[in-house]
Amino acid sequence: MVTDEEIEYVRGDGTPVFLSVSSAPILDREGRITAAVITFFDLTHRKGTEQVLRSTEKLAATGRLAASFCHEINNPLQTLSGVLYLLGQSTGLGEAERQHLATAHAELERVAHLTTSMLGFYRPSPSPVDLKICEILDSVLNFYGPAIRSGKIIVEKRYDSEDVIHGFPSEITQVFSNLVGNALGALTPEGTLELHVIASRDWGNPARRGVRVFIADNGPGISAENRRRIFEPFFTTKGENGTGLGLWVASGIVDKYGGWLRVRSSTQPGRSGTCFAVFFPEQKVSTMRHTAITLDKSA
Ligand SMILES: Nc1ncnc2c1ncn2[C@@H]1O[C@H](COP(=O)(O)OP(=O)(O)OP(=O)(O)O)[C@@H](O)[C@H]1O
Ligand SMILES: [Mg+2]
């Protein structure tokens, strides 16, 4: 009889090990078992890979489901927002009613932020175009203008490259909007936001040219423990004020363009801050599968 089964053992240090065991008897002329061949295969590594694949598939399926759900609720949300606006215009409202309206509006904004963040991965987009990174950064700064001015935040810009990349404006805007939004959120009044754009080559593959952008703030920084998790979906330290999707979405878009997104951060008092570096290769995005887009906060 030939057997083939998978067995789980526990090593001395407590870690599991998965083995595939096959055995087959060796018979003599009379059919008596004289020996057996037993083969062990260590499947631990393969199991780990399967596990990662399964969770990636689950994540993709969850994303699809969430995106279609968000798509459906987005229209009624916009109607609600319009109705609240009209109510706010009424003259006969007392202070209490205005407070209730403001609360309703703030809550609606939160839901809208969540849905637009989720939606992006599936919303169709117009064709890719040549984009000047500097212009996109300026439009993002323009969008955050009120927050920058009210906090007296200093913005230092160094645009050392006029290079263009080929892509979808909503996606590239999304990446920078999320990074700049995070930096502004981390800054205390009178903090500094630095934006630096340079023509560059891929650190990992110098043959690839592109544009590198640094977005740096001198906020409190990100602890080493949190740094490991910030690109996970729904990881946030902002409680109800954050969805934890910003960096996950941004890194998904950057990946799609064949670029990379890295972070350096320090929490050392007096020298704290965070710097995100993004690299976009100049290669044409039209050759890539187009699936990801997310909210264009400037829309
Ligand atoms: N510049 C930064 N300084 C300090 N912490 C940061 C910075 N950027 C990101 N983080 C940390 O990373 C976490 C995840 O960021 P991410 O943008 O994914 O979500 P969020 O900002 O919490 O919520 P959302 O972007 O959806 O509103 C943040 O909650 C924050 O703790
Ligand atoms: Mg964010």
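Structure: above.
Residues numbered from 1 in each chain as written. Chains lettered and ligands numbered in written order. Predicted model: local features only at pLDDT ≥ 70, side-chain atom pairs only at ≥ 80, totals over all residues. Heavy atoms only, no water.

1. Regarding the overall build of the protein chain
Right, on to step 1. A count of helical and extended segments in the protein chain gives 7 helices and 10 strands.
Right, on to step 2. Here the protein chain holds 299 residues, and the buried ones make up 36% of them.
Right, on to step 3. For the protein chain, long-range pairs separated by at least 24 residues make up 66% of all intrachain contacts whose partners lie at least 6 apart in sequence.
Right, on to step 4. Per element, the accessible surface of the protein chain, about 17,900 Å² overall, is 56% carbon and sulfur. (Helix = DSSP H or I, 4+ residues; strand = E, 2+ residues; numbered from the N terminus. Buried < 20%, exposed > 50% of the residue type's maximum accessible area, 1.4 Å probe, protein only. Contact = heavy atoms within 4.5 Å. Areas by Shrake-Rupley, 256 points an atom, 1.4 Å probe, with all protein chains shown as cover.)

2. Comments concerning the environment of His166
Right, on to step 1. With respect to the element layout, His166 can be found in strand 6 (residues 164–167).
Right, on to step 2. For His166 and Pro281, which are 115 residues apart along the polypeptide, the C-alpha to C-alpha distance reads 9.0 Å.
Right, on to step 3. Separated by 2.8 Å, the side chains of His166 and Asp130 make a polar contact. (Polar contact = N/O pair within 3.5 Å; in protein donor to acceptor, adjacent residues only side chain to side chain.)

3. Side note on the packing of helix 3 (residues 133–143) against helix 5 (residues 169–186)
Right, on to step 1. With their axes 9 Å apart at the nearest point, helix 3 and helix 5 run at an angle of 55° to one another. Judged on the interaxial angle alone, helix 5 and helix 3 are oblique. Note on packing geometry: the crossing formed by helix 3 with helix 5 is right-handed. Packed against helix 3, whose contacting residues are Ile133, Ile136, Leu137, Val140 and Leu141, the element helix 5 presents Pro169, Ile172, Thr173, Phe176, Ser177 and Val180 at the interface.
Right, on to step 2. Looking at side-chain class alone, the contact of helix 3 with helix 5 contains 9 nonpolar, 2 polar and no charged residues. (Axes fitted to C-alpha atoms, helices over the stretch in contact; angles between N-to-C directions. Parallel < 35°, antiparallel > 145°, perpendicular 65-115°, else oblique. Left-handed = near helix turned anticlockwise from the far one by under 90°. Nonpolar A, V, L, I, M, F, W, Y, C, P; charged D, E, K, R; others polar.)

4. As for the site of ligand 1
Right, on to step 1. In the vicinity of ligand 1 lie 20 residues, with Asn182, Thr236, Thr237, Lys238 and Thr243 positioned nearest.
Right, on to step 2. Taking Asn182, its side chain carries an N or O atom lying 2.8 Å from an oxygen atom of ligand 1.
Right, on to step 3. Note that an oxygen atom of ligand 1 is positioned 2.6 Å from one of the side-chain N or O atoms of Lys238.
Right, on to step 4. Surface burial for ligand 1 is 93%, taken as the share of its 600 Å² of free accessible area covered by protein chains.
Right, on to step 5. Those elements that place two or more of their residues in the shell around ligand 1 are helix 5, helix 7 (246–256) and strand 10 (273–281).
Right, on to step 6. Among the residues forming the shell around ligand 1, the class breakdown is 8 nonpolar, 10 polar and 2 charged. (Near = heavy atom within 4 Å.)

5. Observations concerning the sheet that holds strand 10
Right, on to step 1. Taking strand neighbours across the sheet as the criterion, the 5 strands line up as 5-7-8-10-9 in an open arrangement whose pairing is mixed. Lying at the two open borders of the sheet, with one neighbouring strand each, are strand 5 (154–159) and strand 9 (260–266). Pairs of neighbouring strands in the sheet enclose a mean axial angle of 15°, with direction left out of account.
Right, on to step 2. Pairing of strand 8 (residues 209–217) with strand 10 involves 8 bridges; the strand directions are antiparallel. (Pairing = 2+ DSSP bridges.)

6. A look at the packing of aromatic side chains
Right, on to step 1. By the definition in use, this model includes 5 aromatic pairs.
Right, on to step 2. Considering the side-chain rings of Phe143 and Tyr144, the 5.0 Å spacing of their centres and the 75° angle between planes classify their relative orientation as edge-to-face.
Right, on to step 3. The class of Phe143 is partly exposed, set by a relative accessible area of 37%.
Right, on to step 4. Residue classification places Tyr144 among the buried positions, given a relative accessible area of 12%.
Right, on to step 5. Aromatic side chains Tyr257 and Phe280 sit 5.6 Å apart centroid to centroid with 80° between the ring planes, which places their arrangement in the edge-to-face category. Placement of Tyr257 in the loop between helix 7 and strand 9 and of Phe280 in strand 10 is noted, with a sequence separation of 23 residues between them.
Right, on to step 6. The exposure class of Phe280 is buried, given its relative accessible area of 0%. (Phe/Tyr/Trp six-rings, centres within 6.5 Å; stacked < 30°, edge-to-face > 60°.)

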